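# What the coordinates show
These are the residues of each chain, in order.
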There are 4 protein chains.
Amino acid sequence: MTYAAPIERANLSKPSVDMNTLLEGIQTCFDCAQACTADADADLAEPQGHEMIRCIRLCLDCADVCLATGKILSRQTAFDPPTARAALQSCALTCKVCGDECEQHARHGLAHCQTCMEACRHCEQACTTVLSSLPG
Amino acid sequence: MTYAAPIERANLSKPSVDMNTLLEGIQTCFDCAQACTADADADLAEPQGHEMIRCIRLCLDCADVCLATGKILSRQTAFDPPTARAALQSCALTCKVCGDECEQHARHGLAHCQTCMEACRHCEQACTTVLSSLPG
Amino acid sequence: MTYAAPIERANLSKPSVDMNTLLEGIQTCFDCAQACTADADADLAEPQGHEMIRCIRLCLDCADVCLATGKILSRQTAFDPPTARAALQSCALTCKVCGDECEQHARHGLAHCQTCMEACRHCEQACTTVLSSLPG
Amino acid sequence: MTYAAPIERANLSKPSVDMNTLLEGIQTCFDCAQACTADADADLAEPQGHEMIRCIRLCLDCADVCLATGKILSRQTAFDPPTARAALQSCALTCKVCGDECEQHARHGLAHCQTCMEACRHCEQACTTVLSSLPG
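All of the points below concern the structure found in this document. (Residues numbered from 1 in each chain as written. Chains lettered and ligands numbered in written order. Predicted model: local features only at pLDDT ≥ 70, side-chain atom pairs only at ≥ 80, totals over all residues. Heavy atoms only, no water.)

### A look at the interface of chain B and chain D
Keep this limit in mind: By definition, residues are in contact when any of their heavy atoms lie within 4.5 Å. Accessible area that two parts lose when put together, evaluated with a 1.4 Å probe and summed over both, is termed the buried area. Basic side-chain nitrogens of Lys or Arg form a salt bridge, by our definition, when they fall within 4 Å of a carboxyl oxygen of Asp or Glu. Between N or O atoms, a polar contact is any pair within 3.5 Å; within protein, one atom must be a potential hydrogen donor and the other a potential acceptor, and residues adjacent in sequence are included only when both atoms are from side chains.
On the chain D side, the residues contacting the nine residues of chain B number nine residues. Between chain B and chain D the total buried area reaches about 750 Å² when both faces are included, carbon and sulfur atoms providing 68% of it. There are zero salt bridges connecting chain B and chain D. At the junction of chain B and chain D, the tally comes to two residue pairs in polar contact (both at pLDDT 80 or more).

### Side note on the packing of helix H2 (residues 19-44) of chain D against helix H3 (residues 53-74) of chain D
Relative orientation and spacing of two packed helices are given, respectively, by the angle between their axes and the distance between those axes. All names here are of chain D. In plain terms, the rule: Each axis is a line fitted through C-alpha atoms, taken for helices only over the stretch in contact, and angles between the N-to-C directions span 0 to 180 degrees. Secondary structure follows DSSP: runs of H or I at least 4 residues long count as helices, runs of E at least 2 residues long count as strands, and numbering of each begins at the N terminus. The scheme is simple: roughly parallel for angles under 35 degrees, roughly antiparallel for over 145, roughly perpendicular for 65 to 115, oblique for anything else. A clockwise turn of the near helix away from the far one marks a right-handed crossing, whereas an anticlockwise turn of less than a right angle marks a left-handed crossing. Amino acid classes used here: Ala, Val, Leu, Ile, Met, Phe, Trp, Tyr, Cys and Pro are nonpolar; Asp, Glu, Lys and Arg are charged; the rest, including Gly, are polar.
Contact geometry for H2 and H3: axes closest at 8 Å, N-to-C directions at 155 degrees. What the angle tells us is that H2 and H3 run roughly antiparallel. The interaxial crossing formed by H2 with H3 has left-handed handedness. Grouping the constituent residues of the contact of H2 with H3 by class yields 18 nonpolar, five polar and three charged.

### Remarks on the relation of the copies chain B and chain D
Spelled out, the test is: When the copies are superposed, the least-squares fit takes in the C-alpha atoms of residues with a pLDDT of at least 70 in both.
When chain B is fitted to chain D, the residual RMSD is 0.0 Å, and the transformation amounts to a turn of 180 degrees plus an axial shift of 0.0 Å. Such a combination of rotation and displacement between the chain copies is what one expects of a two-fold axis. Taking C-alpha positions as reference, the residue of chain B nearest the rotation axis is Gly49 of chain B, located at 3.1 Å. When the interface residues of chain B are mapped onto chain D, 100% of them are again interface residues, pointing to one common binding face.

### A look at the pattern of salt bridges
Put simply, the rule reads: Under the scheme applied here, a residue whose accessible area is under 20% of the maximum for its type counts as buried, over 50% as exposed, and between as partly exposed, the area being computed with a 1.4 Å probe on protein chains only.
Under the definition given, this model contains 40 salt bridges over all chains. One salt bridge connects Asp100 of chain A with Arg121 of chain A, and the closest N-O pair in it is separated by 2.9 Å. Of the two residues, Asp100 of chain A is situated in helix H4 (residues 81-107) and Arg121 of chain A in helix H5 (residues 111-133); the sequence distance between them amounts to 21 residues. Between Arg54 of chain D and Glu101 of chain D there is a salt bridge; the shortest N-O distance is 2.8 Å. Taken together, the residues Arg54 of chain D in helix H3 and Glu101 of chain D in helix H4 (residues 81-107) connect sequence positions 47 residues apart. Overall, Arg54 of chain D belongs to the partly exposed group, its relative accessible area being 31%. Assessed through its relative accessible area of 10%, Glu101 of chain D is described here as buried. Here the residues in one salt-bridge network are Arg57, Asp61 and Asp64 of chain A together with Lys71 and Arg75 of chain B, joined through shared partners.

### A short note on the relation of the copies chain A and chain D
By a simple turn and slide, chain A fits onto chain D: the slide is 0.0 Å along the axis, the RMSD is 0.0 Å, and the turn is 180 degrees. Of all interface residues in chain A, 100% are interface residues in chain D too; the two copies therefore contact each other through one and the same surface.

### Side note on the interface of chain A and chain D
How big an interface is tends to be reported as the loss of accessible area on association of its parts. Facing 39 residues of chain A, the contacting portion of chain D comprises 39 residues. Between chain A and chain D lies a buried interface of about 3300 Å² when both sides are counted; carbon and sulfur atoms form 65% of it. Looking only at chain A, the three residues that lose the most surface to chain D are Tyr3, Ile7 and Gln34 of chain A, adding up to 23% of its buried area. Counting the contacts that link chain A with chain D gives zero salt bridges. Of all the secondary structure elements, the ones that give two or more residues to the side of chain A that touches chain D are helix H1 (4-10), helix H2 (19-44), helix H3 (53-74) and H5 of chain A. At 11 residues, H2 of chain A tops the list of elements feeding residues into the side of chain A that touches chain D.

### Concerning the side chain of His105 of chain C
Residue and element names in this part refer to chain C. Looking at the element boundaries, His105 is found in helix H4 (residues 81-107). A residue is classified by how much of its surface remains accessible, and His105, at 10% relative accessible area, is buried. In contact with His105, not counting residues within four places along its chain, are Glu51, Met52, Cys55, Leu110 and Cys113.

### Description of the environment of Ala92 of chain D
Residue and element names in this part refer to chain D. Looking at the secondary structure, you find Ala92 in helix H4. Residue Ala92 is classed as buried on the basis of its relative accessible area, which comes to 10%. On a C-alpha basis, the gap between Ala92 and Cys59 in space is 13 Å, while along the polypeptide they are 33 residues apart. Apart from the residues within four sequence positions on either side, Ala92 is in contact with Glu124, Cys127 and Thr128.

Shown next, in the form of structure tokens:
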């Protein structure tokens, strides 16, 4: 995510929250979307099949919500705090629930779920920080 | 959206909400995502340029949130009501705010904004109905 | 997809291909994206688990490519035929391969794969028709 | 994109191309999708309005294609070289055309378009490298 900082800084629309907080939110949303997409695929390759179903489903949902939220945060022009807040709340909760599910599988030794859990925890935390910085 | 009903009905995972309510939610989310994508583009082609900026921005956000929500609703397996609720709340609010913005431009004669407003109102209503049907 | 036609018609940017051909392309892309998202989920719920892995993977890819293509076709302003052509070729091929995989499972009695195959065939055909209508 | 490497390495499905080549492709696709999303927004905030329309449109298309391609590359299970090739060709071309457009605006002093051009060039190059490494 080498490009987020210079583009956001050159945007004539000034951000509604602290720039570093915003950049952390953007980066963790895109990172978590990639991690969840990859983890759903790694789950699919596991021999225990049906035990991974909830993890696959939550990872797919989490990737979708993280991408929507990461794109919303990437836009500074005519930023709308109430709708951004709702997206961030949805993203933080989905990351929490997906991270909890990944944690179960990490405890049983699945390294890809351990990494995906870290991505979810990081994104949940960053969304919570952006939420507490939103105006209004 | 000819395909949603037969696929959802053939899914061995039974839906957590009334099937017709669910199908209406899925269809309106995908329809609204397409309408908002097309309306942002039609706004871009308008000569009044800067007056359309908030509409373009909200349409892009609304398309992102509607697609995430429409995909979440399309999945019946290991459906998670709390995260679905948060996504639906985010979607209903974004459709409300985007619909209100489109309504302003519809009053000034922009037919594409009138149609997009209808898509947003319909999707907001369908999300609200799914929300009131969610278990838990 | 009740909204595509009036929005595209009200767009001041005129489409680069015949309007009905374009609308069919847009609608089948969004419909196929929904069908593939739902079919991947229905596959996940099947007891034969590992036999469905290739179908799940191709459905996830096909949903991603159909959404990208459906959004590109929804934009008429500064339409760029060469990049649209590449997206349509990618979409037509992915629909062909995903439709072929779904057909295997449809033959073994999976009704959701039968429906998804129909969505893929329809979208492949519509993309091919748009391709043959593109200028340049 | 701290998470891509450990998840891809822990995936029981082995990648079809060299791991470092694959990881570079995944990272540049997600990075370019974020850059293009942010650049379209920064373009919208520019006072010269209508001169930015082609850049906004191409950035929106490029973000869509990069996300689809980045997600396809993130999946190693039942990887399908022909459809991946078509997605990569579409992505490389769209990055080329979008990068060329951004370059025009960079020459007129728009720093956000300069950065977005770099993201597009990097992603185009990485897609071309993955293309030349694909089996078959």
